[in-house]
Amino acid sequence: MNMQTSVSRKIFMAFNCILLVGTALICILPFINQLAVSFSHKNAVAANQVIFWPIGFNLSAYDFILKGDAFMRALWVSIQRVAIGVPVNLLLIILTAYPLSKSKENFRFRSIYSWFFVVTILFSAGLIPTYMIVRFTGLIDSIWALVLPGALPVFSMLVVMNYMRSLPPELEEAAYVDGASHVRTLVYIILPVSTPTLATVTLFSFVAHWNSWFDGQIYMNRIQNYPLQSYLQTMVINVEAFFRNSTNVSADIARYIELVSARTSAAAQMFLAMIPILIIYPFLQKYFATGLVLGSVKG
Amino acid sequence: MRREALPPHICTNINLFAWGEIMNNSKLRRRNKNLRELPLHIMLIPAVVLVGIYSYGSMAGIGIAFQRFVPTNGLFGSEWVGLQNFQTLFTMPTFWPIIRNTVFIALSKMILHVVVPVIFALLLNEVANIGFKRSIQTFVYLPHFLSWIILAGIFKDLLSPSSGAVALLMSPLGIQIPFFLGDKFWFPITMVLTDVWKGFGFGSVIYLAALTSIDPSLYESAMIDGAGRWKQTLHITLPGIQSTIILMTVLGMANILNGGFDQIYNMYSPVVLDTGDILDTFVFRLGIESAQFALSTAAGFFKSIVSLLFIIASYYLADRTAGYRIF
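Every value quoted in this text rests on a predicted model; they were computed, and no experiment measured them.

Enquirer: Whenever I open this one, the domain arrangement of chain A confuses me. Can you help?
Expert: Residues and elements named next belong to chain A. Segmentation of chain A into domains returns domain 1 (1-57) and domain 2 (59-297). Opposite the 12 residues of domain 1 that make contact, domain 2 presents 14 residues. Counting the surface lost from both domain 1 and domain 2, the interface buries some 1,100 Å², and carbon and sulfur atoms represent 67% of this. Together, Leu35, Ser38 and Lys42 form the three largest contributors to the area buried by domain 1 at its contact with domain 2, with a combined 42%. Applying the counting rule to domain 1 against domain 2 returns 0 salt bridges. In this assembly, domain 1 and domain 2 are joined by 1 residue pair in polar contact (both at pLDDT 80 or more). Contributions of two or more residues to the side of domain 1 that touches domain 2 are made by helix H1 (2-39) and helix H2 (42-46). Ranked by the residues each element gives to the side of domain 1 that touches domain 2, the list is headed by H1, at 6 residues. Each residue belonging to the side of domain 1 that touches domain 2 can be placed in one class, and the counts come to 6 nonpolar, 5 polar and 1 charged.

Structure follows, in structure tokens:
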């Protein structure tokens, strides 16, 4: 009997492994395909020869994009956005999560403030009213339009707050006995022990800023101010127009037209925009399990 | 000695005696408390100001939904028309089909976003080899972190019936793939499946965490009782993660009107509007492309109100069934 179960178990395990590998392939092969397209010669792509392996390998698509002003300008806007947006998010998360992590006895206004923030995840005013207030505060075409409206990510703040609440109260009491102020307690006691959660929300905020495109599209009137993802959203049309209209062009561009098509350059741009996420991906994997579990489950 | 240095507000009952005199003086106590809490209020100022302006300030703009809004007159100069915009909206021939599309797509996503991650987590949990497990996880989590801009670009290319990789792989087998993104029947299904593709790996993380917290001794005693792998899964594993499954299902309810703007806006086309248009894309086209500010705001407000009811219901149920609270 034992033998029998182990045979059926082996069959199951083999089947399971195949299924899991298949699932993993389904997740990763679309990217391999795009990568192969981006490295291939445009004729091979147009002739439907490229699936998972580049044919007529060349880097011209990347060269073409990295030399183009539009992509680099959008990249620069995105870098600015992340450089301003992520620290602003983190600062506001810390400054909000710490007071709200206090017990009701130690901070009587805790629930009022908590509800003030939580209401914003329960109810949003919608597209046009939000646009109007951004316009009203004069942020149109400014990098701050991409930072200030979402300056406090309430979900991340709740994650950090719940983490701080789970810390043993003795930590703070000891600090208080020694005469430490709230600021000192926060900086020297609470923040050092909260680093895993803070790392999680920082990564999440990075991903959110890097990936958002809609605000860029509606708050920026001029395309020069578009961050990378907003630019990519409109770019497919632009690149196609570029290749269509390029009948008499300089020798420099003609060299690209020889090798690059709208499809190969689109694939290359897509892949270039993925790179920052791929760089932080190992860290994301390390930390995201902490960030997923929002809120607290009463024991 | 040290105990006497404690301030009143963190005194335990024992300290009350030591501080009896001061504790009795409630005025001083309150002043101390206010003083002690002052820095906490100051810390909250930046967030309160920004959230106040951008989240609460924008709520004033909902007024537009009840106006015959003229941008040059502004919110205070436009004529109030009561519920007329809502009347127009609800009698638009496209409105109810859009609600139907939205609910169909959102509901399918809600169900599959629970079912697929649970099955995947169960299968992955059977794997003993840590290295193999980790590599599978590395691949399946990746799409979650990429934007729909990138993924829509990839899918448009991939699913093209003439030159996409899927068509190229299928043609030697004699299979002709449908135009997934350009066919009224296939479009909503493609939206649901690609969204599940993006999120199932990441969605399984929470179930994998719940699986590790099941007491291994339960399996041992089940084995002694002669329960096979299947019986163990049915009677130990599933009940072990049941509360997590219920919690995630209940929280998912809040998305009843979230068809997925980023995804659909970047993949749809006029051909598939009949089945693919959702409330968010409708609000966008109405507001930004057609400049129908009042109607767009009314549609957005309708969505916010319905969503609010579902969010409250889902949080209430989450609290009742799993003891879950967001704060």
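This is not the end of the story, as more comes after the structure.
Enquirer: Mind showing me how you'd approach the environment of Phe185(B) here?
Expert: By secondary structure assignment, the location of Phe185(B) is in the loop between helix H9 (165-170) and helix H10 (186-212). Between the C-alpha atom of Phe185(B) and that of Phe302(B), which follows or precedes it by 117 residues, the distance is 27 Å.

Enquirer: Even after reading the chapter, I still don't get the interface of chain A and chain B, so can you show me in this structure?
Expert: Residue-level contacts link 100 residues of chain A with 91 residues of chain B. For the pair chain A and chain B, the summed buried area comes to about 8,900 Å², and 75% of that belongs to carbon and sulfur atoms. As a salt-bridge pair, Arg263(A) and Asp157(B) come within 2.6 Å of each other at their nearest N and O atoms. At the boundary of chain A with chain B, the tally comes to 20 residue pairs in polar contact (both at pLDDT 80 or more). The element contributing the most residues to the side of chain A that touches chain B is H1(A), with 17 residues. Residue composition of the side of chain A that touches chain B, by class: 69 nonpolar, 21 polar and 10 charged.

Enquirer: When you look at the pattern of salt bridges in this model, what are you seeing that I'm missing?
Expert: Pairs may arise between side chains of opposite charge once their charged atoms sit close together. Using the criterion set out here, one finds 12 salt bridges over all chains in the structure. Among the salt bridges present, the one from Glu37(B) reaches Arg108(A), with a minimum N-O distance of 3.3 Å. With one member in each of two chains, Glu37(B) in helix H3 (residues 26-60) and Arg108(A) in the loop between helix H4 (69-100) and helix H5 (110-122) form a pair that bridges those chains. The partner of Lys303(B) in a salt bridge is Asp280(B), with the nearest N and O atoms 3.1 Å apart.

Enquirer: Help me out: how do you make sense of the packing of H10(B) against helix H12 (residues 229-252) of chain B in this one?
Expert: For any two helices packed against each other, the geometry comes down to the angle between their axes and how far apart the axes lie. Residues and elements named next belong to chain B. Between H10 and H12, whose axes approach to 9 Å, the crossing angle comes to 145 degrees. Crossing of H10 over H12 shows right-handed handedness. Contacts between H10 and H12 involve Ile206, Tyr207, Ala210 and Leu211 from the first element and Thr237, Ile241, Thr244, Ile245 and Met248 from the second. Its residues assigned to classes, the contact of H10 with H12 shows 7 nonpolar, 2 polar and no charged.

Enquirer: What exactly am I supposed to notice about the domain arrangement of chain B here?
Expert: Accessible area lost on assembly of the parts is the figure often given for the size of an interface. Residue and element names in this part refer to chain B. According to the domain assignment, chain B consists of domain 1 (3-82) and domain 2 (92-322). Taking the mean C-alpha position of each, domain 1 and domain 2 sit 38 Å from one another. Facing 8 residues of domain 1, the contacting portion of domain 2 comprises 5 residues. Taken over both partners, the interface formed by domain 1 and domain 2 buries close to 480 Å², and the fraction arising from carbon and sulfur atoms is 88%. Sorting the residues of domain 1 by area buried against domain 2 places Ile62, Ile64 and Ala65 first, and these three jointly supply 61% of that buried surface. Connecting domain 1 to domain 2 are 0 salt bridges. The interface formed by domain 1 and domain 2 includes 0 residue pairs in polar contact (both at pLDDT 80 or more). The residue makeup of the side of domain 1 that touches domain 2, split by class, is 6 nonpolar, 2 polar and no charged.

Cut-off values and rules
- Residues numbered from 1 in each chain as written.
- Chains lettered and ligands numbered in written order.
- Predicted model: local features only at pLDDT ≥ 70, side-chain atom pairs only at ≥ 80, totals over all residues.
- Heavy atoms only, no water.
- Domains from an automatic or database assignment.
- Contact = heavy atoms within 4.5 Å.
- Buried area = accessible area lost by both parts, 1.4 Å probe.
- Salt bridge = Lys/Arg side-chain N within 4 Å of Asp/Glu carboxyl O.
- Polar contact = N/O pair within 3.5 Å; in protein donor to acceptor, adjacent residues only side chain to side chain.
- Helix = DSSP H or I, 4+ residues; strand = E, 2+ residues; numbered from the N terminus.
- Nonpolar A, V, L, I, M, F, W, Y, C, P; charged D, E, K, R; others polar.
- Axes fitted to C-alpha atoms, helices over the stretch in contact; angles between N-to-C directions.
- Left-handed = near helix turned anticlockwise from the far one by under 90°.

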